[in-house]
Amino acid sequence: MSEILIYNLSPQLDAKLKMLCRKMNISGRTVEKSEYGYPLGVLLGLSEKTEPAQGEDFDDSMLYIAGLRGGMLNLFIDQLRRNKIIIPLKAVQTETNVGFTSYELHRELCAEREAIARGMNAHRQP
C-alpha cells in the first residue's frame, strides 16, 4: 500500500494534503515528534519497533513518499503542484532511506537542498 508520512504542516495544509491522499487512495499519516527517532520502516509497519534514536528536532515541513512508483508518483507530484501544496523537503522510499530515522532523513534532505543551492552535487561520486 502507498503511504505518505507527513511532517509539520499547518492544520489547513495538512487537511488539504490528506484530502488529496484520500482522492488518490493513498494513506496519509502525520508523524508526531515523539516518533522521529524510529526508523521510517518502523513508521510504515515494515519492520519491528526498536528503541528510538535521539536527534535534533526540526520544524520544517517534509514528506516521505512510500510505495508510489512511476505514473502514480508523477501524478501525485503533479497534484501537489496543482493544489498549491508546497513542501520543499520530499523524499521517495528507497532501500537505503527506509532505515533512516526522521532526524536522519531531514538532515539528508537539508544537505541536498543546500548543495543544490550552491550548484554542487549533494552525493559523493564513486
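Parameters at a glance
Residue positions are counted from 1 within each chain, in the order its sequence is given. Only residues with pLDDT of 70 or above have their local features reported here, since the model is predicted, and side-chain atom pairs are shown and tallied only from 80 upward, although totals for entire chains, interfaces and linings are computed over all residues. Hydrogens are left out, water is left out, and the side-chain values use all remaining heavy atoms of the structure. Centres within 6.5 Å make a pair out of two Phe, Tyr or Trp rings, where for Trp the six-membered ring is used; the pair is then stacked when the planes are under 30 degrees apart, edge-to-face when over 60, and tilted otherwise. Helix numbering and strand numbering both begin at the N terminus, where a helix is a DSSP run of H or I of at least 4 residues and a strand a DSSP run of E of at least 2. Categorising residues by exposure relies on relative accessible area from a 1.4 Å probe, with only protein chains included: less than 20% of the type maximum marks a residue as buried, more than 50% marks it as exposed, and the intermediate range marks it as partly exposed. Residues belong to a common nonpolar core when they are buried Ala, Val, Leu, Ile, Met, Phe, Trp, Tyr or Cys residues joined through side-chain atoms within 4.5 Å. Only heavy atoms matter for contacts: two residues are in contact if any of them lie within 4.5 Å across the pair. In this scheme, a helix's expected span is set at 1.5 Å multiplied by one less than its residue total. What the arc measures is the spread of directions leading from the helix axis to the C-beta atoms. In short, DSSP must find at least two bridges between two strands for them to pair. With the strands pointing away from the viewer, any crossover whose connection runs clockwise from the first strand over the helix to the second is right-handed.

J.: What exactly am I supposed to notice about the packing of aromatic side chains here?
T.: The geometry of an aromatic ring pair is captured by the separation of the ring centres together with the interplanar angle, meaning the angle of the planes. Applying the stated criterion to the full structure yields 4 aromatic pairs. Measuring from centroid to centroid gives 4.6 Å for Y36 and F58, while their planes differ by 15°, and the two rings are stacked. In this pair, Y36 sits in the loop between β2 (27-30) and α2 (40-43) while F58 sits in the loop between α2 and β3 (62-66), placing the two residues 22 residues apart along the sequence. Grouping residues by exposure puts Y36 and F58 together as buried. Through successive ring pairs, a cluster of aromatic residues spans Y7, Y36, F58 and Y103.

J.: I would appreciate a short explanation of the nonpolar core in the present structure.
T.: Looking at soluble globular proteins, one finds that nonpolar side chains tend to be buried together. If you look at the biggest cluster of nonpolar residues, it comprises 19 residues, and the most contacted ones within it are L5, Y7, L40, L43, M62, Y64 and L105. Among the elements of the structure, β1 (3-7), α2, β3, β4 (89-92) and α4 (102-117) are those that each provide at least two residues to this core. Residues in contact with M62, not counting those within four places in the same chain, are L5, I6, Y7, I87, L89, S102, L105, H106 and L109. Formed by 17 residues, the second largest nonpolar core is a distinct cluster that contains I6, L9, I65 and I87.

J.: Quick question: what am I supposed to make of helix α3 (residues 70-82) here?
T.: Because an α-helix packs 3.6 residues into every turn, residues spaced three or four apart end up facing the same way. Its 13 residues give α3 an end-to-end C-alpha distance of 18 Å, which sits within 8% of 18 Å, the value for a rise of 1.5 Å per residue. Where α3 is concerned, the buried positions are L73, F76 and L80. End-on, the buried residues of α3 take up no more than an arc of 60°, which puts them together on one face. Turned more than 90 degrees away from the buried face of α3, the exposed residues are G71, N74, R81 and R82. Elements in contact with the buried residues of α3: β1, α1 (11-23), β3 and β4.

J.: What should I look at first to understand the pairing of β1 in this one?
T.: A regular strand carries its side chains on alternate faces of the sheet. A large share of β1 lies buried, amounting to 5 of its 5 residues. Covered by surrounding structure in β1 are E3, L5 and Y7 together with I4 and I6, the residues of both alternating faces. Note that β1 and β2 share 4 bridges and pair parallel. The residue bridging I6 from the neighbouring strand is T30, located in β2. The handedness of the β1 to β2 crossover, carried by α1, is right-handed. With 5 bridges joining them, β1 and β3 adopt antiparallel strand pairing. The partner of Y7 across the bridge, within β3, is M62.

J.: Would you mind showing me how to read the side chain of S102 here?
T.: Secondary-structure assignment places S102 in helix α4. Here S102 falls in the buried class, since its relative accessible area comes to 0%. Beyond its immediate chain neighbours, meaning those up to four positions away, S102 contacts Y7, V31, Y36, Y38, L40, L43, F58 and M62.

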